[in-house]
Amino acid sequence: MQLGMVGLGRMGGNIVRRLLKAGHHCVAFDRDTAAREALGAEGALPVADLPAMVAALEAPRAIWIMLPAGAATEEALVTLAGLLSPGDVLIDGGNSMWKDSVRRGAMLRAKGLHFLDIGTSGGVWGLARGYCLMIGGEDAVVRRLDPIFAALVPGKEAAPPTPGRTGDPRPEQGYVHAGPNGAGHFTKMIHNGIEYGMMQAFAEGLDILHHADSPTLPEDQRLTLNLPDITEAWRRGSVVASWLLDLTAQALAQDPQLEGFSGHVSDSGEGRWTVQAAVETAVSAPVLSAALYARFTSRDEDRFSGKVLSAQRKGFGGHLEPPKP
Ligand SMILES: O=C(CO)[C@H](O)[C@H](O)COP(=O)(O)O
């Protein structure tokens with residue numbers, strides 16, 4: 001199939017690479033000439049602007065926007081909406097606020113265009129491991145683009161089968177049609193809220209292990225523990241084994257004191273929106289809320305737990321913390 005990709009950063013570039021590997025034809029645009037030329041050398045068709053992308057694709061077109069949530073995504077979407085023809089599909093694969101996706105779906109529908117909001121998880125590892133996709137939009141459009149999604153997801157072999165499971169086979173490949181517009185990004189928002197809570201749990205536990213030799217403790221109760229070895233052992237057969245733990249163990253193996261991290265942890269919005277959603281539905285979410293607030297607190301403290309969180313964010317998303325003010 002043909003797909004246009006707008007935004008060739010850490011996620012967009014690798015999505016194009018994975019599609020090319022599966023034999024799809026990709027038209028690639030980024031404001032950075034070097035980024036689009038690099039993809040051109042790997043088999044995509046690089047274009048210099050959005051009108052050129054629209055001209056290079058056959059109708060009905062499908063264009064995937066993979067840009068930071070907010071103004072950049074809005075601008076690309078509005079520009080493309082003015083260039084596309086009825087029946088074409090716009091996809092937002094970024095971490096947009098789900099209410100924006102509800103609004104954008106209605107705005108595009110009024111022009112005869114289709115919209116899919118796709119929460120995309122896999123970060124910098126997606127090229128090799130595949131991407132978990134959480135899709136919002138019309139069923140017929142989701143099914144039309146199935147060859148694209150099937151090429152991007154990790155596939156059935158990525159996890160053992162769930163005993164007793166029946167129904168839609170797509171989730172077993174790593175993608176779910178979650179509902180109408182908004183449902184994809186809502187689902188990804190909650191995925192990220194859970195991610196905050198899991199990260200924080202590891203960070204706090206490791207911080208306690210890190211301080212088990214504290215001089216404030218009675219001498220015979222001080223323990224000097226080897227965190228790289230402990231996390232490595234936990235990866236095998238333990239209840240907390242997970243990809244987040246794999247990444248944590250990897251970071252600790254490379255830098256046992258996590259000296260490369262300040263302890264200041266950033267956030268890009270989804271944790272805040274998760275807490276807002278909990279408030280709007282009167283659902284008690286103390287762990288996810290505390291995990292968000294812990295990130296705010298981290299900006300005034302240099303704790304080991306903050307360094308663990310930063311190491312995890314760098315591990316899955318390639319995120320680098322800004323220098324401390
Ligand atoms: O979606 C992601 C992982 O699933 C991104 O890496 C996201 O940036 C993580 O959120 P935050 O930047 O707030 O830590």
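Residues numbered from 1 in each chain as written. Predicted model: local features only at pLDDT ≥ 70, side-chain atom pairs only at ≥ 80, totals over all residues. Heavy atoms only, no water.

Overview of the environment of Pro147
The cut-off we apply is this: For helices the rule is a DSSP run of H or I covering at least 4 residues; for strands it is a run of E covering at least 2, with both sets numbered from the N terminus onward. A simple rule labels every residue: compare its accessible area, found with a 1.4 Å probe on the protein chains alone, to the largest value its type can have, and call it buried under 20%, exposed over 50%, or partly exposed in between. Contact definition: two residues touch when any of their heavy atoms are within 4.5 Å.
Tracing the chain through its elements places Pro147 in helix 8 (residues 146-152). By relative accessible area, Pro147 is classed as partly exposed at 37%. Between the C-alpha atoms of Pro147 and Leu19, which are 128 residues apart in sequence, the distance is 9.6 Å. Apart from residues lying up to four places away in sequence, Pro147 is in contact with Met1 and His24.

Topic: the packing of helix 13 (residues 270-280) against helix 14 (residues 286-298)
We apply this condition: What counts as an axis is a line fitted to C-alpha atoms, over the stretch in contact for a helix, and the angles between N-to-C directions run from 0 to 180 degrees. Each crossing gets its handedness from the near helix: less than a right angle anticlockwise from the far helix is left-handed, clockwise is right-handed. Any residue that is not Ala, Val, Leu, Ile, Met, Phe, Trp, Tyr, Cys, Pro, Asp, Glu, Lys or Arg is counted as polar, Gly included; the first ten are nonpolar and the last four charged.
Closest axis-to-axis distance for the helix 13/helix 14 pair is 9 Å, and the angle between their directions is 140°. Here helix 13 runs over helix 14; the crossing is left-handed. On helix 14, the residues that touch Gly271, Arg272, Thr274 and Val275 of helix 13 are Leu288, Ser289, Leu292, Tyr293 and Phe296. For the contact of helix 13 with helix 14, the class distribution of residues is five nonpolar, three polar and one charged.

Side note on the site of the ligand
What counts, and what does not: By convention in this text, a residue qualifies as near a molecule or strand provided that one of its non-hydrogen atoms is within 4 Å of it. Any pair of nitrogen or oxygen atoms within 3.5 Å is treated as a polar contact; in protein, a donor-acceptor pairing is required on top of that, and neighbouring residues in sequence qualify only through side-chain atoms on both sides. Computed with a 1.4 Å probe, the accessible areas rest on the Shrake-Rupley method; for each residue, only the protein chains presented here act as cover.
Looking at the ligand, the residues that line it are Asn95, Lys188, His191, Asn192, Glu195, Tyr196, Asp267, Ser268, Arg295, Arg313, Phe316 and His319. Contact between the ligand and Asn192: an oxygen atom at 2.9 Å from a side-chain N or O atom of the residue. Residue Tyr196 places a side-chain N or O atom 2.5 Å away from an oxygen atom belonging to the ligand. A total of 370 Å² of accessible area belongs to the ligand in isolation, and the protein chains cover 90% of it. Breaking the shell around the ligand down by element, the ones donating at least two residues are helix 10 (183-210) and helix 15 (304-317). Considering every element that reaches the shell around the ligand, the biggest residue donor is helix 10, with five residues. Classifying every residue of the shell around the ligand by side-chain character gives two nonpolar, five polar and five charged.

Let's talk about the nonpolar core
Short version of the rule: Each nonpolar core is a collection of buried residues, namely Ala, Val, Leu, Ile, Met, Phe, Trp, Tyr and Cys, held together in the definition by side-chain atoms within 4.5 Å.
Grouped together as the largest cluster of nonpolar side chains are 32 residues, with contacts concentrated most on Trp64, Leu116, Leu133 and Phe149. Beyond its immediate stretch of four places on either side in the chain, Leu133 contacts Trp64, Ile118, Gly119, Thr120, Phe149, Leu152, Val153, Gly174, Tyr175 and Val176. Listed in part, the 19 residues of the second largest apolar core include Val6, Ile63, Leu84 and Leu108.

Here we look at the side chain of Thr73
Following the sequence through the fold, Thr73 ends up in helix 4 (residues 71-81). Judged by relative accessible area, which is 0%, Thr73 ranks as buried. Of note is the side chain of Thr73, whose polar atom sits 3.4 Å from the backbone oxygen of Leu67. Apart from the residues within four sequence positions on either side, Thr73 is in contact with Ile65, Leu67, Pro68, Asp92, Ser96 and Arg104.

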